[in-house]
Amino acid sequence: NTEKFVPFLNHYFSSLLSRLVTRKAEKIICISKSVLNYVVNRNEVSDAKLCAVVYYGFDSTKSYSSNLKSQKKNDLNPTLLIGTISRLVAQKDLNTLLEAYKLINENLKDSKLEIVGAGPLKSVLQDKSRQLQIYESTFFIGKIANVEQFLSEIDIFVLTSTYEGFGLVILEAMVAGTPIISTKVPSVIEILGPEYPYLVDFKDRESIAKFAFNIYQNDSKFDFTSYYKKRLSLFDPVSLEKDIYKIYQSSLSD
């Protein structure tokens, strides 16, 4: 992942230990090109030639209920329901999400923001929502069992991370058919494609709000369903199986 091999050690000793461990490896599988670049550039592997990229295999044939979103709107009656799934940690930069939602809520008073996940910054983020005067329409839900249902209920999924090793939740949101707004995290760009129109710079709350209004007002001519279907084909479980098999076969032949 895009983290130090040993979190509590400084970079030098962490990367040294990582290289010692990977010396025993015949192959090293990275879950994205972003992870591969990270471990190579940070000198985390004994030999970059051992590395290969294999994306997650994700079942995109799941059928999420199409009625959930309308049911949620009837219960809460929001004009716009924005959501995210995230650990409540600095990496996720949820401050930017709250600031973007403040801009949205100024124009759509009955909109709502739901944040699924737990973490050490919960109280800090709650205080931030109070300072922004959006606390009454911001809900910190904690961990949930049914991620699919949540993603089917919301109108827009927003990811504001500063880095990700992959971004499995993006695939989940795509399967749900939920419009996604995301920061330009390299691994997320690998998933959504560089041409995806709703990618924003880090900490760009104005663009997040602008894109949210664009989607809400249905000004976008973008066909999320067909685009997601095309991109999800890159993460087919069968492709994962074949790629893993090739790696083990090449290792055995070596």
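Residues numbered from 1 in each chain as written. Predicted model: local features only at pLDDT ≥ 70, side-chain atom pairs only at ≥ 80, totals over all residues. Heavy atoms only, no water.

## Observations regarding the layout of surface pockets
Its boundaries defined by the atoms lining it, the largest pocket holds a volume of some 400 Å³. In terms of lining, the largest pocket is formed by 20 residues, of which the most central are I85, S86, R87, K92 and V169. Counting residues per element, the ones that place at least two in the lining of the largest pocket are β3 (81-85) and α7 (168-176). By residue number, the principal contributor to the lining of the largest pocket is α7, which donates 3 residues. The residue makeup of the lining of the largest pocket, split by class, is 9 nonpolar, 6 polar and 5 charged. There is about 240 Å³ of room inside the second largest pocket. Lining the second largest pocket are 15 residues, with N1, F5, S18, V35 and V39 sitting closest to its centre. A per-class count over the lining of the second largest pocket returns 9 nonpolar, 3 polar and 3 charged. (1 Å grid on protein atoms, 1.4 Å probe; cavity = no way out; pocket = protein on both sides within 12 Å on 5 of 7 lines; lining within 4 Å. Points joined across faces, edges and corners; volume = space filled by probe spheres on them. Helix = DSSP H or I, 4+ residues; strand = E, 2+ residues; numbered from the N terminus. Nonpolar A, V, L, I, M, F, W, Y, C, P; charged D, E, K, R; others polar.)

## Observations concerning the environment of G119
Mapped onto the fold, G119 is located in the loop between β4 (112-116) and α5 (122-131). Spatially, the C-alpha atoms of G119 and L88 are 4.2 Å apart, while their sequence positions differ by 31 residues.

## Regarding a nonpolar patch on the surface
Together, F5, L17, L20 and V21 line one region of the surface with nonpolar side chains, adding up to about 330 Å² of accessible area. Here L20 lies in helix α1 (residues 11-22). A residue is classified by how much of its surface remains accessible, and L20, at 44% relative accessible area, is partly exposed. (Patch = residues over 30% accessible without salt bridge, like charges linked within 9 Å, V, L, I, M, F, W, Y side chains within 5 Å. Areas by Shrake-Rupley, 256 points an atom, 1.4 Å probe, with all protein chains shown as cover. Salt bridge = Lys/Arg side-chain N within 4 Å of Asp/Glu carboxyl O. Buried < 20%, exposed > 50% of the residue type's maximum accessible area, 1.4 Å probe, protein only.)

## Examining the sheet that holds β3
The strands that make up a sheet pair up through hydrogen bonds in the backbone, lying either parallel or antiparallel. Across the sheet, which stays open at both edges, the 6 strands sit in the order β5-β4-β3-β6-β7-β8 with parallel pairing between neighbours. Each end of this open sheet is capped by a strand with a single partner; those strands are β5 (138-142) and β8 (199-200). Relative to β4, β3 runs parallel, the two sharing 5 bridges. Its bridge partner being in β4, G83 is matched across the sheet by E114. Running over the sheet, α7 touches β3, β6 (156-159) and β7 (180-183) and is turned about 170 degrees from β6. (Pairing = 2+ DSSP bridges. Contact = heavy atoms within 4.5 Å. Axes fitted to C-alpha atoms, helices over the stretch in contact; angles between N-to-C directions.)

## Structural notes on the pattern of salt bridges
Side-chain pairs of opposite charge can arise where the charged atoms are in close proximity. Within the structure shown, the criterion is met by 7 salt bridges. With a closest N to O distance of 2.5 Å, K92 and E164 form a salt bridge. One end of the pair, K92, is in the loop between β3 and α4 (94-107); the other, E164, is in the loop between β6 and α7, with 72 residues separating them in the sequence. Comparing K92 with E164 shows no difference in burial state: the two are buried. Among the charged side chains, a network of salt bridges with common partners joins E99, K128, R205 and E206.

## Comments concerning the pairing of β3
Counting buried residues in β3 gives 4 out of 5 residues, a clear majority hidden from the surface. The β-α-β motif built from β3, the intervening α4 and the parallel element β4 has right-handed crossover chirality. Pairing of β3 with β6, which is carried by 2 bridges, proceeds in the parallel orientation. From the neighbouring strand, I82 faces β6, where its bridge partner is I156. (Right-handed = clockwise from strand over helix to strand, strands pointing away.)

## Here's the deal with the packing of α7 against helix α10 (residues 224-232)
Think of two packed helices as two axes; the pair is described by the angle between the axes and how far apart they sit. For the pair α7 and α10, interaxial distance at closest approach is 9 Å and the crossing angle is 135 degrees. Our classification of the angle between α7 and α10 gives oblique. The handedness of the crossing between α7 and α10 is left-handed. On the side of α7, the interface is formed by L171, M174 and V175, while α10 contributes Y228, R231 and L232. When the residues that make up the contact of α7 with α10 are grouped by side-chain class, the tally is 5 nonpolar, no polar and 1 charged. (Parallel < 35°, antiparallel > 145°, perpendicular 65-115°, else oblique. Left-handed = near helix turned anticlockwise from the far one by under 90°.)

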